[in-house]
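Here's the letter readout for the chains.
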Amino acid sequence: MTENHSQTQTQTRATEQRTFSTEVQQLLHLMVHSLYSKKEIFLRELISNSSDAIDTLRFLALTRPELSGSVEAQESAIELAVDKDAKTLTVRDTGIGMNRQQVIDNIGTIARSGTGALLKRLKEQTGDASKSLDVIGQFGVGFYSVLMVAHKVELDTLSAEPESQPVLFRCDGSGTYELGVGTRTTAGTTVTLYLNDDASEFLETWQIEHIVKQYSNYVKWPVRLEGKQLNRATALWSKRPSEVSEEEYNDFYKELCGGFSPDDVPLAKLHLSIDTPYQFQAIVFVPKKPPFDMMMDQNRRRGMQLYVRRVFILDHAEELLPPWLRFVRGVVDSDDLPLNVSREILQKNQIITTIQKQIIKKVLEELKRVREQKPEEYRAFFEEFGGILKEGIFLDHGNREKVAEVCLWSSLNTPASERITLPEYLSKMPSGQDELYYITGPSRSVVERSPHVEALRKQKLDVLLFIDPIDEWVVQSLTEFSGKKLRAIHKGDFVPPKLVEEPESEAEKQSPEQQTELQALLVQLRSRFQDRIKEVRLSSRLTDSASVLVAEEGDLGPHLEQLLQRAGRKVEIKKPILELNPKSPLVAKLAHLLAVRPGSEEVNTYSDLLLELAYLAQGTVPEPGALLASLHRVLARDLSTLAD
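Here is a short report on the structure shown in this document. (Residues numbered from 1 in each chain as written. Predicted model: local features only at pLDDT ≥ 70, side-chain atom pairs only at ≥ 80, totals over all residues. Heavy atoms only, no water.)

### Some thoughts on the overall build of the protein
Looking only at helices and strands, the protein features 20 helices and 23 strands. Considering the protein as a whole, with its 644 residues, one finds that 51% of them fall into the buried category. Total accessible area computed for the protein in this model is approximately 30,800 Å², and 49% of it derives from carbon and sulfur atoms. (Helix = DSSP H or I, 4+ residues; strand = E, 2+ residues; numbered from the N terminus. Buried < 20%, exposed > 50% of the residue type's maximum accessible area, 1.4 Å probe, protein only. Areas by Shrake-Rupley, 256 points an atom, 1.4 Å probe, with all protein chains shown as cover.)

What follows is the structure in structure tokens.
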């Protein structure tokens, strides 16, 4: 980036004033007024820079004995100081410091970082700088965030390089900055902010302590104010799992979620340290019940806390978790994660995608383990979060089957108080059953009594009962599992398998005359219900009920139609198919009644009742008045007959 140099340069270079280029001035103005969303971030930036400087000095001293004296001469620490009378806030470190040219390159030039240049040089020499040096600075603009709260900033620095002289840098955010002779006598940097009148809160001890704990709590070097250390320095996730007690994990979980009860403990935890292809550390918690913060704010953004080199960046890094894991809490700390210049907005790229995939993989593996080893606790967890977890089946194509595998389902052959998994269903399928059968509906009481399950129940075949509202969306995506198709028994031309052939009884055998009457009944009902029914046909899925309604294979079905209508969606209602049980005495008698009394009121009444009862069986009665009218007519006639 170019600069216009000017004005006064003495031979001793005691004082020099430089002018930023127009481009730099515009960038500086933009950054100060619109880049950062929270003014207190300036302190995070300064502490981060100081931490970088200490890391750099200690690393270089390992191979350069002439620098070891600077390390030994003073403690590696970051000191804060306030002067309320002068309205100044000072940040002092014992790091590598800078010489005059480095100040020009790293401070006088926007968007350039001395740390970034060092990493580049190390990578050229070793091939992998990340394994050699623990620094976080990637951008040079962080220093200038101080101008959000200060009308002037002074930087007094002394390089640890032998024979270096202290340098003083002054800037007020205008078009120029000044270089002069500093006063430091030991290696490091001192930054003094002359705060604006509306920034006096940053002179208060409690506010500084709050900011440090929020943003810089896990910076490895001590951060002190008036002798008191404000930060923890040691990050829990940077330790080995064997070094962390269960109590420490639980306390950390409560910190993240805002919990305070002794019962606020997670169902499961993961302590991750991943090195390839990208480096990151994480602690991930799966809660037993909705975390306190989730209960207090249902609209709370999902995501884990994000740290970069143990410096807090974001409270809700949404890109690190998919929506269907929004109940998960935890922390991710990455060396490789890129940020934009404000360190606040994640740039979605391959690194983030990789980290998310790793977290998803580990969480699903842990859920599977807990389900197998702690079934009762997992059942309670699924009652709380199962609806959210199921979203992954239709939102995450790559993990569809893995999510479905850890979900719990109701089934026809499973007691109402218990649940079954899809692998368990598969293991119980008898020879001859090649598909997973399911039915959707508003409740267990409706679907388990549905005419659709009669033939399957008679053969003791199990049926998955998809009765959660979200299950209607699940089955749109989960068309097969473990190589087996999922088959809706309430749609299309489903024919139940006959695993055991049963001889037809004499009562079930139909004469040619009865078959003719049945065909005539089908023609009659097609004509009568042509405005309400797409087709009338004989059924092979019924054993006891007289009639049933069936949706076409690709249609939404009545339950999903209702859900969409309740959500305010416009839905094109498709006509269902009416199937009749040819072996039902009611159907046979109605067919015979039509043959002997065609066009009679009784035929019409019983025909209407046959249709309305089919609607009632699926839990929907679109015309309750018609059902009541038919029942009243039948009851009145029967009572009249009994009275006579």
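Past the structure itself, the notes keep going.
### So, the environment of Ser164
Within the element layout of this structure, Ser164 appears in the loop between strand E5 (150-158) and strand E6 (167-171). In the structure, Ser164 is positioned 23 residues away from Ala187 in sequence and 9.3 Å away in space, judged by C-alpha atoms. With residues up to four places along the chain from it excluded, the contact list for Ser164 reads Leu158 and Ser159. At 2.7 Å, the side chain of Ser164 and the backbone oxygen of Glu161 are in polar contact. (Contact = heavy atoms within 4.5 Å. Polar contact = N/O pair within 3.5 Å; in protein donor to acceptor, adjacent residues only side chain to side chain.)

### Some remarks on the sheet that holds strand E17 (residues 435-440)
Read across the open sheet, the 5 strands follow the order E16-E18-E17-E20-E19; overall the sheet is mixed. The two strands at the open ends of the sheet, each matched to only one other strand, are strand E16 (410-411) and strand E19 (480-481). (Pairing = 2+ DSSP bridges.)

### A closer look at the pattern of salt bridges
In the structure shown here, the tally under the stated rule is 36 salt bridges. For the salt bridge of Arg170 with Glu178, the shortest nitrogen-to-oxygen distance reads 2.9 Å. Between Arg379 and Glu383 there is a salt bridge, with its nearest N and O atoms 3.0 Å apart. Here Arg379 pairs with Glu383, and both are found in helix H10 (residues 375-395), just 4 residues apart, close to one helical turn. Through salt bridges with shared partners, one network takes in Glu16, Arg18 and Arg100. (Salt bridge = Lys/Arg side-chain N within 4 Å of Asp/Glu carboxyl O.)

### Regarding the nonpolar core
Of all hydrophobic cores here, the largest spans 131 residues; its most connected members are Leu80, Phe169, Leu193 and Leu389. Residue contributions to this core peak at 9 residues, all from helix H9 (residues 350-373). Sequence-distant contacts of Phe169, that is, excluding residues within four places in its chain, are made with Val103, Ile107, Phe143, Tyr144, Val153, Glu154, Leu155, Tyr177, Glu178 and Leu179. (Core = buried A, V, L, I, M, F, W, Y, C linked by side-chain atoms within 4.5 Å.)

### Side note on the packing of helix H18 (residues 585-596) against helix H19 (residues 601-617)
Closest axis-to-axis distance for the H18/H19 pair is 10 Å, and the angle between their directions is 150°. With respect to H19, the element H18 is oriented roughly antiparallel. When the axes of H18 and H19 are compared, the crossing they make is left-handed. Only Glu602, Val603, Tyr606, Ser607 and Leu610 of H19 make contact with H18, whose side of the interface consists of Leu586, Leu590, Leu593 and Leu594. (Axes fitted to C-alpha atoms, helices over the stretch in contact; angles between N-to-C directions. Parallel < 35°, antiparallel > 145°, perpendicular 65-115°, else oblique. Left-handed = near helix turned anticlockwise from the far one by under 90°.)

### Regarding the environment of Gln17
Looking at where Gln17 falls in the secondary structure, it is placed in strand E2 (residues 15-20). Counting along the chain gives 159 residues from Gln17 to Thr176, while the straight-line C-alpha distance between them is 6.9 Å.

### Some remarks on the pairing of E6
Burial of E6 is extensive: 4 of the 5 residues sit out of reach of the surface. Sheet analysis places E5 next to E6, joined by 5 bridges and oriented antiparallel. Its bridge partner being in E6, Asp156 is matched across the sheet by Leu168. Sheet topology note: the E6/strand E7 (residues 176-181) ladder contains 5 bridges and is antiparallel. Bridge pairing links Leu168 to Gly180 in E7.

### Describing the packing of H9 against H10
The packing of two helices is summarised by the inter-axis angle and the distance between the axes. Direction vectors running N to C along H9 and H10 enclose 140°, while the axes themselves pass 8 Å from each other. Considered as vectors, H9 and H10 are oriented oblique to each other. Pair H9 / H10 crosses with left-handed handedness. Where H9 approaches H10, its residues Leu367, Val370, Arg371, Glu372 and Gln373 are matched on the opposing element by Pro375, Tyr378, Phe381 and Leu389. Tallied by class, residues from the contact of H9 with H10 come to 6 nonpolar, 1 polar and 2 charged. (Nonpolar A, V, L, I, M, F, W, Y, C, P; charged D, E, K, R; others polar.)

### Brief notes about H19
Every α-helix winds through 3.6 residues per turn, so residues three or four apart in the chain are directed the same way. Here H19 is 17 residues long and its end C-alpha atoms lie 24 Å apart, about the 24 Å a rise of 1.5 Å per residue gives. The buried fraction of H19 amounts to 12 of the 17 residues, a majority that puts the element mostly inside the structure. Gly619, located one to two residues past H19, shows a positive phi value of around 85°. (Expected span 1.5 Å × (residues − 1).)

### Observations concerning the sheet that holds strand E13 (residues 304-308)
The strand order E11-E12-E15-E13-E14 describes an open sheet built from 5 strands, whose pairing is mixed. The sheet terminates laterally at strand E11 (266-274) and strand E14 (311-317), the two strands that pair on one side only. Geometrically, the sheet is characterised by an average inter-axis angle of 15° between neighbouring strands, direction not taken into account. Looking at chain direction, E13 and E14 are connected through 4 bridges and run antiparallel. Of the residues in E14, the one forming a bridge with Tyr307 is Phe312.

### Some points on H18
With 12 residues, H18 should cover 16 Å at 1.5 Å per step; its first-to-last C-alpha distance of 16 Å lies within 8% of that length. Burial in H18 covers these residues: Val587, Leu590, Ala591, Leu593 and Leu594. Considered in projection along H18, the buried side chains sweep an arc of 160° and stay on one side of the axis. Those residues of H18 that are exposed and angled more than 90 degrees off the buried face are Pro585 and Lys589. Looking at the buried side of H18, the elements it contacts are helix H16 (512-528), strand E23 (577-580) and H19. (Arc of directions from axis to C-beta.)

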